[in-house]
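# Architecture at a glance
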Amino acid sequence: TCGICVEKCPFDAIEIINLPTELDEDPVHRYGENAFALYGLPVPDAGTVTGILGPNGIGKSTAVHILADELVPNLGNYGDEPGWEPVLDRYRGSGLQNYIEALLDDEVTVARKPQYVDQIPKQFDGKTNELLAATDERGVLDELVDRLGIRPVIDQPIDTLSGGELQRVALAATLARDRDFYFLDEITPYLDIGQRVTAARLIQELAETEDRAILVVEHDLAILDLLADSLHIGYGRPGAFGVITDPKSVRNGINEYLKGYLTNENMRIRPDAITFEEHAPRETTKSAPLVEYPSLEKSYGEGEFSLGVEGGTIYHSEVLGIVGPNGIGKSTLAKLFAGELEPDTGELDFRLDIAYKPQYIEIDQPMRVDAFLSSITSDFGSSLWKTEIAGPLQLERIMEQNLSDLSGGERQRVAIAATLSEDADLYVLDEPSAHLDVEQRVRATTAIRRYAENHDATVMVIDHDIYMIDLLADRLMVFDGEPAVEGHAETPQEMREGMNDFLSDLDITFRRDERTGRPRINKPDSQLDRKQKKAGEYYYAP
Ligand code: ADP
Ligand code: ADP
Ligand code: MG
């Protein structure tokens, strides 16, 4: 094994390089003999937002249990009764000394936002305002409720909220607390880009103006970049061991992560680098149209949501990115194209085989993953299928599990694999990044792009992760309107026009990292922000 795939190598030939191996030093904590070991700890720091970037299963929650004094680390001596004194000795003179001393004096209080907000209704039975009332320790709840846009659901029972609403309620509930140390385990799931940016700003304000220490795990790289002041990279072998590096600058940390090589640690964490195009793809001579569709309208019931779709053309073997706020009709459009809904006006009379991955995946039959996937394609198990699909989507380890036992991220990967395994004219993927950690996103993105190129496949991808859209899309379809009331889908545009259109609605501009060309969100009203807005260039270098 090379360390990335954990078990048997799904690639026929892989360059064996210096991939993560367990460190020589003593871990901070080891759960037991041959059990998971954690190396390194993040350093909470008053007045700053510290990010952690890395896959799930490498000990981020374990680290937070330690920093919250819920788990006394054993420094690898799992047989002995652990104590804080040896831990303090080990970290004396390091950035953690002050924190551990305060912890020992019981001076650190902690607030925490859980990773899986879907679980909240199982733990709390009541209305939004009842949940939030108990959290208002700083007297800022009203402001948080307004800025996070959850006023409309304030009197609703928690178990009727959508994922995006639950995420914002959970953020309000955590940020309203008056604590020293805040731990936020992912802030972006279910949120659209505007909501992600708002959440990032609220967190930064809390750190800066109230001098709090905030630790954030986040898998959306553009948001992490915007949000954090310093960054720990986490790597290792999920489930076996994890290493949390010393803090790096955010810019450097993300660049090294994308490059796949950590300089200080002399550690390769991925065989290939991820690279961005600084300039919009040139208007290429287009291939033949795959579909030309007319203007369409679709509404749900009387006076409920209505969607208007401007007619357009989708070209053979292009990847069309689809962006827009939540509740604006993106999934409705996907269902119209997939033939699951009929438009009220306009006709979709094309005869295409369409493979469709819905946003909400329902594949919990009592069937094993391997049986399910082999029922979809006769290529199942072939070396090409393994190289293109099973390998990058890391399915080897879950092949024998039942569909009904899969976690959100596992289900997403199986659903992407099932969709790409179909022999179709058009592949429609609704929010493929949901529930995936950063490493899985990088691999899924690469897999979708390579699949499209190798098979001349035409793909529509709806997503809120701007890096994923950037890496995947050849052109862009932008939605605007009023969420939950009416939506409008524009005709597909070139990347530059589409990004300008989309980002001007959000009032966000991106600059480019000088070294790597990676897009970075500008500070509002910074010199570059003002200059780019004036020039009407929101995303690509002029
Ligand atoms: P992350 O937050 O990065 O997803 P966790 O800290 O939750 O990672 O878990 C890291 C590893 O430690 C996992 O493989 C998990 O199964 C293991 N682990 C967590 N708690 C325990 C425990 N009490 N005993 C043994 N192993 C554990
Ligand atoms: P998006 O994918 O952009 O978040 P959707 O297409 O899922 O948006 O939904 C657009 C709007 O239509 C939302 O307000 C949603 O609540 C509403 N909606 C979606 N499906 C139905 C339905 N079957 N009946 C009534 N309203 C619906
Ligand atoms: Mg949707």
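The structure we're discussing is the one just above.
Right, let's walk through the structure included here. Numbering of residues begins from 1 in every chain and follows the order in which that chain's sequence is written. Chain labels run from A onward and ligand labels from 1 onward, assigned in the order the entries are written. Only residues with pLDDT of at least 70 are given local features in this predicted model, and only at 80 or more are side-chain atom pairs given and counted; all residues enter the totals for whole chains, interfaces and linings. With hydrogens and water stripped out, all remaining heavy atoms of the structure feed into the side-chain values.

Where helix α12 (residues 369-376) meets helix α14 (residues 408-421), the axes come as close as 9 Å, and the angle between the chain directions of the two elements is 20°. Taken together, α12 and α14 sit at an angle that is classed as roughly parallel. Between α12 and α14 the crossing geometry is right-handed. Residue-level inspection shows Val 369, Phe 372, Leu 373 and Ile 376 of α12 in contact with α14, the latter providing Val 414, Ala 417, Ala 418 and Ser 421. Polarity classes work like this: nonpolar for Ala, Val, Leu, Ile, Met, Phe, Trp, Tyr, Cys and Pro, charged for Asp, Glu, Lys and Arg, and polar for all others, with Gly in that last group. Per-class residue counts for the contact of α12 with α14 are seven nonpolar, one polar and no charged. To obtain each axis, a line is fitted to C-alpha atoms, and for helices this fit is confined to the stretch in contact; angles are then taken between N-to-C directions over 0 to 180 degrees. Counting from the N terminus, the helices are the DSSP runs of H or I reaching at least four residues and the strands are the DSSP runs of E reaching at least two. Just so you know how the angles are binned, under 35 degrees is roughly parallel, over 145 roughly antiparallel, 65 to 115 roughly perpendicular, and the rest oblique. A clockwise turn of the near helix away from the far one marks a right-handed crossing, whereas an anticlockwise turn of less than a right angle marks a left-handed crossing. A contact between two residues is defined here by any heavy atoms of the two lying within 4.5 Å.

Let us look at the layout of surface pockets. In this analysis, the protein atoms alone were mapped onto a 1 Å grid. Cavities are point sets where a 1.4 Å probe fits without being able to get out; pockets are open sets with protein on both sides within 12 Å along at least five of seven lines; lining residues have an atom within 4 Å of a point. Grid points are joined across faces, edges and corners, and a volume is the space filled by probe spheres set on the points. If you add up the space inside the second largest pocket, you get close to 990 Å³. Contributing to the lining of the second largest pocket are 37 residues, with Pro 325, Asn 326, Gly 327, Ile 328 and Ala 484 lying nearest its centre. Broken down by secondary-structure element, the contributors of at least two residues to the lining of the second largest pocket are α7 (163-175), α8 (193-210), α11 (330-338), β20 (475-482) and α17 (495-506). Residue composition of the lining of the second largest pocket, grouped by class: 15 nonpolar, 14 polar and eight charged.

Another point: the site of ligand 1. For ligand 1, the full set of nearby residues is Tyr 31, Phe 36, Asn 56, Gly 57, Ile 58, Gly 59, Lys 60, Ser 61, Thr 62 and Gly 239. What qualifies as a polar contact is a pair of N or O atoms within 3.5 Å, subject to a donor-acceptor requirement within protein and to the restriction that residues adjacent in sequence count only when both atoms come from side chains. One of the backbone nitrogen or oxygen atoms of Gly 59 is found 2.9 Å away from an oxygen atom of ligand 1. Here an oxygen atom of ligand 1 and a backbone polar atom of Lys 60 are 2.8 Å apart. With residues, only the protein chains shown are counted as cover, and all accessible areas are computed by Shrake-Rupley using a 1.4 Å probe. Within the complex, the protein chains bury 59% of what would otherwise be the 570 Å² of accessible surface of ligand 1. Classifying every residue of the shell around ligand 1 by side-chain character gives three nonpolar, six polar and one charged. Any residue with a non-hydrogen atom lying within 4 Å of a molecule or strand is treated as near it.

Once that is clear, we can look at the site of ligand 2. Near ligand 2 you find Tyr 300, Glu 304, Phe 305, Pro 325, Asn 326, Gly 327, Ile 328, Gly 329, Lys 330, Ser 331, Thr 332 and Ala 484, and these make up its full shell. Lys 330 is positioned such that a nitrogen or oxygen atom in its side chain is 2.8 Å from an oxygen atom of ligand 2. Protein coverage of the free-state accessible area of ligand 2, which is 570 Å², stands at 65%. Being in a pocket or cavity means that more than half of the molecule's atoms lie within 2 Å of its grid points. The cavity that encloses ligand 2 is the second largest pocket.

Now for the coordination of the magnesium ion (ligand 3). Looking at the magnesium ion (ligand 3), the protein donor atoms are Ser 331 (OG) and Gln 359 (OE1), and they sit 2.1 Å from it. Taken as a pair, Ser 331 in helix α11 and Gln 359 in the loop between β17 (354-357) and α12 lie far apart in primary sequence, 28 residues in all. Assessed through its relative accessible area of 21%, Gln 359 is described here as partly exposed. Note that water is not among the atoms used; donors are N, O and S atoms within 2.8 Å of the metal (3.2 Å for Na, K and Ca), so sites may look incomplete. Relative accessibility decides the category of a residue: with a 1.4 Å probe and only protein chains considered, values under 20% of the type maximum give buried, values over 50% give exposed, and everything between is partly exposed.

With that out of the way, let us pick up α17. A helix is expected to span 1.5 Å for every residue after the first. Helix length check: α17 (12 residues) gives 16 Å between terminal C-alpha atoms against 16 Å at 1.5 Å per residue, within 8%. Of the positions making up α17, those classed as buried are Met 495, Gly 498, Met 499, Asn 500, Asp 501, Phe 502 and Leu 503. On its buried side, α17 packs onto α8, β16 (319-323), α16 (466-472), β20, β22 (493-494) and β23 (510-512). Where α17 ends, the next residue or the one after it, Asp 507, has phi of about 65°, a positive value.

Right, let's get into the nonpolar core. Residues Leu 53, Leu 132, Ile 187, Ile 203, Ile 214, Ile 466 and Met 499 are the most contacted members of the largest nonpolar core, which totals 83 residues. Looking at which element gives the most residues to this core, the answer is α8, with eight residues. Not counting the four nearest positions on each side in its chain, Met 499 is found in contact with Ile 466, Ile 469, Leu 476, Ser 504, Tyr 538, Tyr 539 and Tyr 540. Here the nonpolar core consists of buried residues drawn from Ala, Val, Leu, Ile, Met, Phe, Trp, Tyr and Cys, with membership extended through side-chain atoms lying within 4.5 Å. Formed by 35 residues, the second largest nonpolar core is a distinct cluster that contains Val 319, Leu 403, Ala 415 and Val 459.

Let us now look at the environment of Val 72. When you line up the elements, Val 72 lands in the loop between α1 (60-67) and α2 (84-91). When the C-alpha atoms of Val 72 and Pro 189 are compared, they prove to be 30 Å apart, with 117 residues separating the residues in sequence. Beyond its immediate stretch of four places on either side in the chain, Val 72 contacts His 29, Pro 82, Gly 83 and Trp 84.

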